[in-house]
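Spelled out from the first residue to the last, the chains are:
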Amino acid sequence: MKAKQLSVFLENKSGRLTEVTEVLGAAGINLSAMSIADNSDFGILRCIVSEPDKAYQVLKEAHFAVKITDVIGFTCPNTSGSLAKVLKHLSEKGVFIEYMYSFANGDVAHVIIRPTDLENCDRLLAEIEVDLLAASDLYKL
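Treat the numbers as computed from the prediction; the structure is a model and nothing was measured.

Caption draft 1: Molecular detail of the overall build of the protein. Per the secondary structure count, the protein includes 5 helices and 7 strands. Listed N to C, the secondary structure of the protein is β-α-β-β-α-β-α-β-β-α-β-α in terms of helices and strands. Scaling as 2.2 N^0.38, a compact globule of 141 residues should have a C-alpha radius of gyration of about 14 Å, and the protein matches this with 16 Å. With the principal axes as the frame, the protein shows a C-alpha extent of 40 × 30 × 30 Å. Burial analysis of the protein (141 residues in total) assigns 40% to the buried set. A fraction of 69% describes how many contacts in the protein between residues 6 or more apart in sequence connect residues 24 or more apart. Accessible area for the protein stands at about 7,600 Å²; split by element, carbon and sulfur atoms hold 50% of it. On the protein, the mean spot of the 14 positive side-chain charges and the mean spot of the 19 negative ones are 2 Å from each other.

Caption draft 2: A look at the pattern of salt bridges. Considering all chains together, one arrives at 6 salt bridges under this definition. Residue arginine 16 pairs with glutamate 11 through a salt bridge whose shortest N-O separation is 2.7 Å. Judged by relative accessible area, glutamate 11 falls into the partly exposed class, the value being 35%. Several salt bridges share partner residues, and in doing so they unite Glu11, Arg16 and Glu19 into one network.

Caption draft 3: Expanded view of a nonpolar patch on the surface. Taken together, the side chains of Leu17, Met34 and Ile36 make up a nonpolar region of the molecular surface, amounting to roughly 240 Å² of accessible area. For isoleucine 36, the location among the structural elements is in strand 2 (residues 31–38). For isoleucine 36, a relative accessible area of 43% corresponds to the partly exposed category.

Caption draft 4: Quick look at helix 1 (residues 16–26). Within the sequence span of helix 1, burial applies to Arg16, Val20 and Leu24. The buried side chains of helix 1 occupy one side of the element, clustering within an arc of 75 degrees when seen end-on. The exposed set on the far side of helix 1, more than 90 degrees from its buried face, consists of Glu22 and Ala26. At its buried positions, helix 1 is contacted by strand 1 (2–11), strand 2, strand 3 (42–49) and helix 2 (52–61). Residue glycine 28 follows helix 1 closely and has a positive phi angle near 75 degrees.

What counts and what doesn't
Residues numbered from 1 in each chain as written. Predicted model: local features only at pLDDT ≥ 70, side-chain atom pairs only at ≥ 80, totals over all residues. Heavy atoms only, no water. Helix = DSSP H or I, 4+ residues; strand = E, 2+ residues; numbered from the N terminus. Rg over C-alpha atoms; globule rule 2.2 N^0.38 Å. Buried < 20%, exposed > 50% of the residue type's maximum accessible area, 1.4 Å probe, protein only. Contact = heavy atoms within 4.5 Å. Areas by Shrake-Rupley, 256 points an atom, 1.4 Å probe, with all protein chains shown as cover. Lys, Arg positive; Asp, Glu negative; His and termini not counted. Charge placed at Lys NZ, Arg CZ, Asp CG, Glu CD. Salt bridge = Lys/Arg side-chain N within 4 Å of Asp/Glu carboxyl O. Patch = residues over 30% accessible without salt bridge, like charges linked within 9 Å, V, L, I, M, F, W, Y side chains within 5 Å. Arc of directions from axis to C-beta.

Structural data, given as structure tokens:
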């Protein structure tokens, strides 16, 4: 199932991540998950938030370069090899994953992926009975 993710362009300078979290916090928006990919000049903060459309607006108003991207969230057991089984199925079916981030909570791992073909990926995950996360559930993690 598709969910909305924010991607925020951040200059590599002290305090920029703090500014993002302050803007979101002041608007009453909760961060459920996030990842930062960076190089020497800039970073990209990818995050799942409680209210993605509102977060987009408040970050734009605060002069951040931000966009909304569709991703897929699912859970799998937090055991050795369980994620590998899911990823193997997808790769054998030709699904390319641009990026992924995840976190575990007890016996369950929550995974967020950005495949090049969202609809096909969603269908393939349903075929192998992976527990897909509804957007509303992902926003509340």
